[in-house]
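# Survey of secondary and tertiary structure
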Amino acid sequence: MSDTRGLGDQPVGGDPAGPVMSTTEHIRLAETHSAHNYNPLPVVIAEGEGAWVTDVEGRRYLDCLAGYSAVNFGHRNPELVAAAHHQLDRVTLTSRAFYNDQFAPFVTALAQLAGKEQVLPMNSGAEAVETAVKVARRWAYDVKGVPANAATIVVAGGNFHGRTTTIVSFSEDPDAYGGYGPYTPGFRIVPYGDAAAAAAAVDSTTAAVLVEPVQGEAGVIVPPNDYLPRLREICDRTRTLLIADEVQSGLGRTGTVRACEHSGVVPDAYLFGKALGGGILPVSAMVADAEVLGVIKPGQHGSTFGGNPLAGAMGRTVVRMLREGPYLDNARRLGEVLRTRLKEFVGSGVVAARSIGLWAGIDVEPSLATGRQMCELLAERGVLVKDTHGSTIRLSPPLVITEDELNWALDQLGAVLRGLGAARS
Ligand SMILES: *Cc1c(COP(=O)(O)O)cnc(C)c1O
């Protein structure tokens, strides 16, 4: 291990005059000393600004993944960095044993943004989902009158809600699910977009229907227009909570604060995460009315880090930026550009393309390339994206991207497809 001694001791920011590790060396050490739970593209990012990142060799890339929407406001957004610096100089962590002066402004702002009464702050998206599972079960027993330990939750096939043992218990992805049993019982999986199947699965034991308004990891799957409204009806009729996992779809990605707004549906609870931390730290939350969140009493749920002052400062800055900034408008306006331009690829190397706001899933002709190969070829041309399953790639650029930059990224996609021999239509 002599080759690694001292590397971890280097000051953050490094010695500008000191040796710089090459991409190859970074990857070799990472593959040796980190678990292989990811398969990253061979790009070692050293800096980011706005929609762009720079690697250790000084190459620049347009970041069209934006941390799976955690970086909706762009890298090192000046407003967020200023708010973080300000808070770093005051206090960063208190635990919820005490109040902190960022807490009330944060939960008030987020509750108002979502049109609900209360917020339960956590950190990762998976924790927000776990919170929802616990709150829904508790609500089923305390309010709906479901017999003890009999509560069920209806979820959608193809879902992605996180990586905990309970959450993977209702995943259909063999990589996420396989080999981690015994599984948490109490979940019923029905096909996404099929309201009749959901209706058939809901009964007197059902605490909640938990659904992504748009499925992100599945490849940006936008359900039929009447799907969420019909789920709302089913939940109203059966006294069941409708819980929208907006961890990826919310906070601007689709051009609205909540993707649910596109169908005019108001769920009983929203789950936010990813962009809520401004790309600076993990911040998530369950947001609902007091009659729902009120089932949790002191000591029954929480997190050491949930609602910490730095998270509160970031969260309330994010809320203010969504209210006052150009981000929603940008996502809507450029979303139209994206939608229009994606059409030109369908039939020319692309089988199908779906988009909503600045968020797209693109199914590349499988005979041309895998999604992974597409990502590698795009990275060589300076565009970072991520594959999902098979030959599908997903685009979710920061909402600060310009029209020229977006067009340039799509030009690179066109060039990659032509390079693979895709027919021009
Ligand atoms: C990313 C994601 C999660 C999990 O968030 P983590 O912060 O990775 O735990 C949950 N739900 C959805 C819809 C997501 O996209």
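Rules of the game
Residues numbered from 1 in each chain as written. Predicted model: local features only at pLDDT ≥ 70, side-chain atom pairs only at ≥ 80, totals over all residues. Heavy atoms only, no water. UniProt positions renumbered as here; feature names shortened; annotations may be inferred. Near = heavy atom within 4 Å. Polar contact = N/O pair within 3.5 Å; in protein donor to acceptor, adjacent residues only side chain to side chain. Areas by Shrake-Rupley, 256 points an atom, 1.4 Å probe, with all protein chains shown as cover. Nonpolar A, V, L, I, M, F, W, Y, C, P; charged D, E, K, R; others polar. Buried < 20%, exposed > 50% of the residue type's maximum accessible area, 1.4 Å probe, protein only. Helix = DSSP H or I, 4+ residues; strand = E, 2+ residues; numbered from the N terminus. Pairing = 2+ DSSP bridges. Right-handed = clockwise from strand over helix to strand, strands pointing away.

Under the annotation held in an unreviewed UniProt entry, the chain carries the name ornithine aminotransferase and is attributed to Streptomonospora nanhaiensis. Listed in UniProt under the heading Pathway (unreviewed entry), the comment for the chain reads: "Amino-acid biosynthesis; L-proline biosynthesis; L-glutamate 5-semialdehyde from L-ornithine: step 1/1."

## Overview of the site of the ligand
As a matter of local geometry, the ligand sits amid S124, G125, A126, F160, H161, G162, E212, D245, V247, Q248 and K274. Within the side chain of Q248, one N or O atom sits 2.7 Å away from an oxygen atom of the ligand. With respect to the ligand, the side chain of K274 contributes an N or O atom lying 2.7 Å from an oxygen atom. If the ligand stood free it would expose 380 Å²; the protein chains cover 81% of that surface. Class assignment for the residues of the shell around the ligand results in three nonpolar, five polar and three charged.

## Considering the pairing of strand β8 (residues 241-245)
Most of β8 sits out of view: five of its five residues are buried. Where burial is concerned, the two faces of β8 agree: the one with L241, I243 and D245 and the one with L242 and A244 are both buried. The pairing of strand β7 (residues 206-211) with β8 spans four bridges and is parallel. Within β8, the residue paired with A208 across the bridge is L241. Viewed along the sheet, the connection from β7 through helix α9 (residues 227-238) into β8 turns out right-handed. Sheet topology places β8 next to strand β9 (residues 269-272); three bridges connect them, and they run parallel. Residue pairing for β9: A244 is matched across the bridge by Y270.

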